[in-house]
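Examining the three-dimensional arrangement
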Amino acid sequence: MTVNDPEAAHTSDYADAPADLRAMAVLLASAAADHIRVRRRELGVGGGRAEGTDVKSSRVDPVTVVDRESEDLIRRLVASLRPGDVVFGEEAGGAGARAEGVRWIVDPIDGTVNFLYGIPAYGVSIACEKDGRIVAGAVADVAGSRIFHAAKGGGAVMRDASGREEPLSCSAPTDLGVSLVATGFAYAAQRRAAQGGLVADLLADVRDIRRIGSAALDLCLLAAGAVDCYYEHGLNLWDWAAGALIAEEAGAVVKRPATEAGSADGELVAAAAPTVAEEFFAALQSRGALESINTLGR
């Protein structure tokens, strides 16, 4: 299969079992990641610039032609492999929450700013929702040539560039004080200020803070034990749907909003290794951070 020939991938429809939907999510993420790697070389992306770049919610919130191409490729593959399914994507929108059937939730490049600057932390996030529940997901670490994937009740796995797979299991820190915490920030200046105040206050209670720039990869790193805790307010569904399932299947304790919540609601997505989850969530609660960022008052 080539990335420009989705019909070549069509041999038979994927079934509705979580394992089958997981396999399709891996295929979609892999194809999009291949395309992104090729197009980044062709466009000569770097220094925060690329041909065909525009902005969305603010002047620091970019979208590139490669974001759009990646989502279009995924949509064409879904139409070929499972014609009755719908797609909800970051760039072209699509079907909102549905109680029945299968919906693919797509972030074609999570970490577009990193992509533009050549920072090797950007991914493709594919989640599959069946009858209102997230049942499968895959996140391709494009620069690292890795794919993290999971099915509900089926565990989480990381596949490396050679095709070798290993099960994922989150870490087991002894307490919050030795826990490495990942987070992220919004594009709106006022919300960033509130998030900055929160992270400054939390910093004294933890080992350190990491801001990697991709929520999907943050959650996968948590699943792999590379960070111990993660939190972020104001994500969209496509940012967290696949990564949250992968983290949960790797043993993390995960708090997530309803799937219909959007960035404007400012709600929390958080996850932690089970050995420190109670302490971590208590630390967030003591700062009012289990609630929407809009209620923090900072």
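Before reading on, note that the structure itself is shown above.
Read on for an overview of the structure. Each chain carries its own residue numbering, running from 1 in the written order of its sequence. Two thresholds apply to this predicted model, a pLDDT of at least 70 for residue-level local features and 80 or more for giving and counting side-chain atom pairs, whereas whole-chain, interface and lining totals are computed over all residues. Side-chain numbers come from the whole structure's heavy atoms, not from hydrogens or water.

As a further point, take the overall build of the protein. A run of DSSP states H or I qualifies as a helix once it reaches four residues; a run of E qualifies as a strand once it reaches two. Both are numbered from the N-terminal end. Each helix and strand in the protein was counted, giving seven helices and 15 strands. The cut-offs for exposure are 20% and 50% of the maximum accessible area for each residue type, with area from a 1.4 Å probe on protein chains only; residues under the lower value are buried, those over the upper are exposed, and the others partly exposed. The buried share of the protein, reckoned over its 298 residues, is 52%. What makes two residues a contact is simply this: any of their non-hydrogen atoms within 4.5 Å. For the protein, contacts bridging at least 24 residues in sequence account for 63% of all contacts bridging at least 6. For the protein, the computed accessible surface area is about 12,100 Å², with 49% contributed by carbon and sulfur atoms. In these tables, accessible area is a Shrake-Rupley quantity obtained with a 1.4 Å probe, and a residue counts as shielded only by the protein chains included in the view.

Here we take up a nonpolar patch on the surface. A patch consists of residues whose relative accessible area exceeds 30% and which take part in no salt bridge; residues with like charges are grouped when within 9 Å of each other, and nonpolar side chains (Val, Leu, Ile, Met, Phe, Trp, Tyr) when within 5 Å. Between Lys or Arg on one side and Asp or Glu on the other, a salt bridge is scored when a side-chain nitrogen of the former is within 4 Å of a carboxyl oxygen of the latter. Among the surface-exposed residues, V113, Y117, I119 and Y187 lie close enough to one another that they form a single nonpolar patch of about 360 Å² accessible area. Mapped onto the fold, Y117 is located in helix α3 (residues 112–117).

It is worth spelling out the pairing of strand β13 (residues 229–233) at this point. Most of β13 sits out of view: five of its five residues are buried. Burial along β13 is two-sided: the face carrying C229, Y231 and H233 and the face carrying Y230 and E232 are both buried. Should DSSP find at least two bridges between two strands, the strands are taken to pair. With three bridges joining them, strand β11 (residues 180–183) and β13 adopt parallel strand pairing. By the bridge assignment for β13, T183 is matched with Y231.

Moving on, we get to the state of the cysteines. In plain terms, two cysteine sulfur atoms within 2.5 Å form what is called a disulfide here. Evaluation of the coordinates by the stated rule reveals zero disulfides. Summary of cysteine pairing: C170 is not part of a disulfide, and the nearest cysteine sulfur, belonging to C229, is at 9.7 Å.

Quick look at the environment of S171 now. By the secondary structure assignment, S171 is in the loop between β10 (165–167) and β11. Between the C-alpha atoms of S171 and G225, which are 54 residues apart in sequence, the distance is 4.4 Å. Beyond its immediate chain neighbours, meaning those up to four positions away, S171 contacts G225, V227, D228, A273 and P274.

It is worth spelling out the packing of aromatic side chains at this point. Pairing of aromatic rings covers Phe, Tyr and the six-membered ring of Trp, with a centre-to-centre limit of 6.5 Å; geometry is then stacked below 30 degrees between planes, edge-to-face above 60, and tilted otherwise. Inspection of the entire model under this criterion finds four aromatic pairs. With a centroid separation of 6.4 Å and an interplanar angle of 55°, the aromatic rings of Y231 and F280 are classed as tilted. You can see Y231 sitting in strand β13 and its partner F280 sitting in helix α7 (residues 277–286), a full 49 residues away along the chain. Overall, F280 belongs to the buried group, its relative accessible area being 0%. Three or more aromatic residues joined by ring pairs form one cluster here, namely Y231, F280 and F281. For a Lys NZ or an Arg CZ to count as sitting over a ring, it must be within 6 Å of the ring centre and within 35 degrees of the ring normal. Seen from the ring of F115, R40 lies directly overhead, with NZ or CZ sitting 5.4 Å from the centre.

Attention shifts here to the sheet that holds strand β12 (residues 208–210). Pairing between the strands of a sheet comes from backbone hydrogen bonds, and it takes one of two forms, parallel or antiparallel. An order of β12-β11-β13-β15-β14 is seen for the five strands of this open sheet, with the pairing classed as mixed. This sheet does not close on itself; its edge strands, each paired only once, are β12 and β14 (253–255). Across this sheet, the average inter-strand angle for adjacent strands is 15°, counted without regard to direction. Sheet contacts for helix α4 (residues 189–202): β11, β12 and β13; angle to β13, the most-contacted strand, approximately 155°. For every element, the axis is a line fit to its C-alpha atoms; helices are fit only across the contacting stretch, and the angle between N-to-C directions ranges from 0 to 180 degrees.

What follows concerns the nonpolar core. One finds I105, L168, Y231, I246, F280 and L284 to be the most contacted residues of the largest nonpolar core, which totals 59 residues. If one sorts the elements of this core by residue count, helix α6 (residues 237–249) sits on top with nine residues. Membership of the second largest hydrophobic core comes to 36 residues, among which are A33, V135, V142 and I147. Here, the term nonpolar core denotes a set of buried Ala, Val, Leu, Ile, Met, Phe, Trp, Tyr and Cys residues that are joined through side-chain atoms within 4.5 Å.

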